[in-house]
Amino acid sequence: MTLPDPIGVRLLDSGGRSVDGFPLVFQISSGDGSLGPASVKRISTLTESDGTAAVNWRLGTQAGPQGATVTVESIDPVVFYAEARPGPAVTLASVSGSGQRGPVGADLPEPFVAALLDEYDNGIPGQRLEWKISSGSGSFVELPVTTDEDGVSAAVFTPGQIGEIEVTANLFGFEPASFLTLGQALLVDPVGDSFGTAVTYTPVDIIQAKAWIEEGELQIRIWFTDFQFSGSQAGEEALVGYVDLDVDQDPATGALPFTDRLRPRSGWTGLGVEFTVSLLTTTGRFDVLDGNGDVVGTVRGRFAGNTVRMWIPLELIDDDGLVDLAMIVGTVQEFSDIAPDHGNLRMGPPSMRN
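The structure reproduced in this document is the subject of the present report. (Residues numbered from 1 in each chain as written. Predicted model: local features only at pLDDT ≥ 70, side-chain atom pairs only at ≥ 80, totals over all residues. Heavy atoms only, no water.)

1. Focus on the packing of aromatic side chains
What counts here: Think of it this way: a Phe, Tyr or Trp ring, Trp meaning its six-membered ring, pairs with another when their centres are within 6.5 Å, and the plane angle makes it stacked under 30 degrees, edge-to-face over 60, tilted otherwise. Segments assigned H or I by DSSP are reported as helices when at least four residues long, segments assigned E as strands when at least two residues long, and all are numbered from the N terminus. Exposure categories follow from relative accessible area, calculated using a 1.4 Å probe and restricted to protein chains: below 20% of the type maximum is buried, above 50% is exposed, and the middle band is partly exposed. The criterion for a charge sitting over a ring is simple: Lys NZ or Arg CZ within 6 Å of the ring centre, and within 35 degrees of the ring normal.
For the coordinates displayed, the defined rule picks out 8 aromatic pairs. Summarising the aromatic geometry, the rings of Phe112 and Phe179 are spaced 5.1 Å apart at their centres and angled 25 degrees between planes, so their arrangement reads as stacked. Of this pair, Phe112 sits in strand β11 (residues 112–117) while Phe179 sits in strand β16 (residues 177–188); the two residues are 67 residues apart in sequence, bridging distant segments of the chain. Of the two residues examined, Phe112 and Phe179, each falls in the buried class. Here the aromatic cluster, defined as three or more aromatic residues joined through ring pairs, consists of Phe112, Trp131, Phe140, Phe157 and Phe179. One Lys or Arg, Arg261, reaches over the ring of Phe258 and ends 4.3 Å from the middle of that ring. Positioned above the aromatic ring of Trp311 is the side chain of Arg300, whose terminal nitrogen or guanidinium carbon lies 3.9 Å from the ring centre.

Structure follows, in structure tokens:
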């Protein structure tokens, strides 16, 4: 906006008399403002008969301190300062944090950040935003009372369920700022708990697994201490394993899990398995077996360093996403690790049962 009063100076000689027609320069020294009717950064002009010169100063669109100077030959410049303030709020925007994935019951690594902005994206401070969970469940760890000096409000969030959750920042009269996150089931397995006896290679050892529902698929990702290879990449060291799925959460129905059939020591999954995913592959797809051990379909899989990932359509396993699972892994020589050692990973709070 143009300041209501122009900025001006008066030039006097050593006797205090006005100096008429003397050249001087008005110039923007900081900020993105402009001067005069032509909206320029620099104006050269002459003093009037009373020694004065003045120009209109239009402040720039970015809020904050701005400056202008008037220079005259052989005289120190005169400096003017102004503070540009934000205009009326026009947008409530989601700045960052949307799209994160995190385990149920654990804080997301980054907060959800919303900003209240004017038409030039200057932040509006001191406004109270209301944070809400629009769909799904979870909790806020920290909630700011009002927007800060940059117009920002940042909320730390903890997913409370498996699957998609929507959170919004709200202010009356504005479209909400929306944030999406994906809650995951997390299993942490001890390092070094493998039971393999072969000495020609490092036994397969699970250290972590995550499972979640996304775009109609049960996605599972497993981390190992070392790189793993598919059957098309390695012979006797190819990854072998079974991921047992209990889709009705009833241990009395379904088949005995491969995890329990093949475990060499005490423990029990508590599962009645309707489907099992076999990890031995030469094609990049994993076979899905029913409780009778018959192949009912294949699903996409991917080996990447020390991880294996799979995408299982819920339609294939006739599941609503509330699946319990456990796994046993090894190589063609022998099995070497079970996760969890006892109990199963539940797709829903609590995230792990032991």
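2. Quick notes on the sheet that holds strand β9 (residues 91–96)
The condition is simple: Only when DSSP finds a minimum of two bridges between them are two strands counted as paired. To get an axis, fit a line to the C-alpha atoms, keeping to the stretch in contact for a helix; angles then go from 0 to 180 degrees between the N-to-C directions.
One open sheet holds the 4 strands; their spatial order is β9-β11-β14-β13, and the pairing between them is antiparallel. Here the strands that pair on one side only, and so sit at the sheet edges, are β9 and β13 (138–142). The mean inter-strand angle of the sheet, taken between neighbouring strand axes irrespective of direction, is 35 degrees. Strand direction decides the pairing type here: β9 and β11, joined by 5 bridges, are antiparallel. Looking at β11, one finds that Leu92 is bridged to Leu116.

3. Things to note about the environment of Gly301
Put simply, the rule reads: Contacts between residues were defined by any pair of non-hydrogen atoms, one from each residue, lying within 4.5 Å.
The topology assignment puts Gly301 in strand β22 (residues 295–304). Residue Gly301 is classed as buried on the basis of its relative accessible area, which comes to 15%. Separated by 172 residues in the primary sequence, Gly301 and Leu129 place their C-alpha atoms 43 Å from one another. With near-sequence residues (within four places) excluded, Gly301 lies in contact with Gly284, Arg285, Phe286, Arg309, Met310 and Trp311.

4. Some thoughts on the layout of surface pockets
For the record, the criterion: Computed over the protein atoms alone on a 1 Å grid, cavities are sets of points where a 1.4 Å probe fits but cannot get out and pockets are open sets with protein on both sides within 12 Å along at least five of seven lines; a residue lines them when it has an atom within 4 Å of a point. Grid points are joined across faces, edges and corners, and a volume is the space filled by probe spheres set on the points. Three residue categories are used. Nonpolar comprises Ala, Val, Leu, Ile, Met, Phe, Trp, Tyr, Cys and Pro, charged comprises Asp, Glu, Lys and Arg, and polar comprises the others, including Gly.
Of the volumes computed, that of the largest pocket is approximately 350 Å³. Lining the largest pocket are 21 residues, with Met1, Gly60, Thr61, Arg85 and Tyr120 sitting closest to its centre. A class-by-class count of the residues in the lining of the largest pocket yields 8 nonpolar, 7 polar and 6 charged. Roughly 180 Å³ of volume is contained in the second largest pocket. Lining the second largest pocket are Gly99, Gln100, Arg101, Gly163, Glu164, Leu180, Thr181, Leu182, Ile213, Glu214, Glu215 and Gly216. Counting only elements with at least two residues in the lining of the second largest pocket, the list comes to β10 (100–103), β15 (163–170), β16 and β17 (206–214). Of the residues that constitute the lining of the second largest pocket, the class distribution is 3 nonpolar, 5 polar and 4 charged.

5. So, the sheet that holds strand β4 (residues 42–46)
Spatially, β4-β2-β7-β8 is the arrangement adopted by the 4 strands of the open sheet, whose pairing is antiparallel. Each end of this open sheet is capped by a strand with a single partner; those strands are β4 and β8 (75–84). Each neighbouring strand pair of the sheet contributes to a mean axis angle of 20 degrees, computed without reference to strand direction. Here strand β2 (residues 23–30) runs beside β4; their pairing, made up of 5 bridges, is antiparallel. Paired with Pro23 across the strands is Leu46, a residue of β4.

6. Observations concerning the pattern of salt bridges
Defined as follows: The salt bridge definition used is simple: a Lys or Arg side-chain nitrogen within 4 Å of an Asp or Glu carboxyl oxygen.
What the rule picks out here adds up to 4 salt bridges. Across the pair Glu214 and Arg101 runs a salt bridge, and its minimum N-O distance is 2.8 Å. Linking Glu214 in strand β17 with Arg101 in strand β10, this pair joins segments that are 113 residues apart in sequence. Judged by relative accessible area, Arg101 falls into the partly exposed class, the value being 35%. Among the ionic pairs, Arg263 bridges to Asp260, the shortest N-O distance being 3.0 Å. Judged by relative accessible area, Arg263 falls into the buried class, the value being 11%. Looking at Asp260, the relative accessible area reads 13%, which means it is buried.

7. Examining the nonpolar core
This is how the line gets drawn: Among buried residues, the Ala, Val, Leu, Ile, Met, Phe, Trp, Tyr and Cys ones that are joined through side-chain atoms within 4.5 Å form a nonpolar core.
Ranked by internal contacts, the top residues of the largest apolar core, which has 36 residues, are Leu218, Ile220 and Leu245. In contact with Ile220, not counting residues within four places along its chain, are Lys210, Ala211, Val243, Leu245, Val308, Arg309, Met310, Ile312 and Leu325. Counting 19 residues, the second-largest nonpolar core is a separate cluster that includes Leu11, Ile43, Phe80 and Ala84.

8. Quick word on the side chain of Thr147
Formally: Here a polar contact means two N or O atoms within 3.5 Å. Within protein one must be a hydrogen donor candidate and the other an acceptor candidate, and residues neighboring in sequence count only if both atoms are side-chain atoms.
Position of Thr147 among the secondary structure elements: in the loop between β13 and β14 (152–159). At 2.8 Å, the side chain of Thr147 forms a polar contact with the backbone oxygen of Ile124. Not counting the four nearest positions on each side in its chain, Thr147 is found in contact with Ile124, Pro125, Gly126, Gln127, Leu129, Val152 and Ser153.

9. Focus: the side chain of Thr281
With respect to the helices and strands, Thr281 occurs in the loop between β20 (275–278) and β21 (285–290). Overall, Thr281 belongs to the buried group, its relative accessible area being 4%. Polar side-chain contacts of Thr281 include one of 3.1 Å to the backbone nitrogen of Gly284. Beyond its immediate stretch of four places on either side in the chain, Thr281 contacts Ser230, Gly231, Ser232, Phe286 and Phe303.

Remember that the coordinates give geometry; whether it matters functionally is a separate question.
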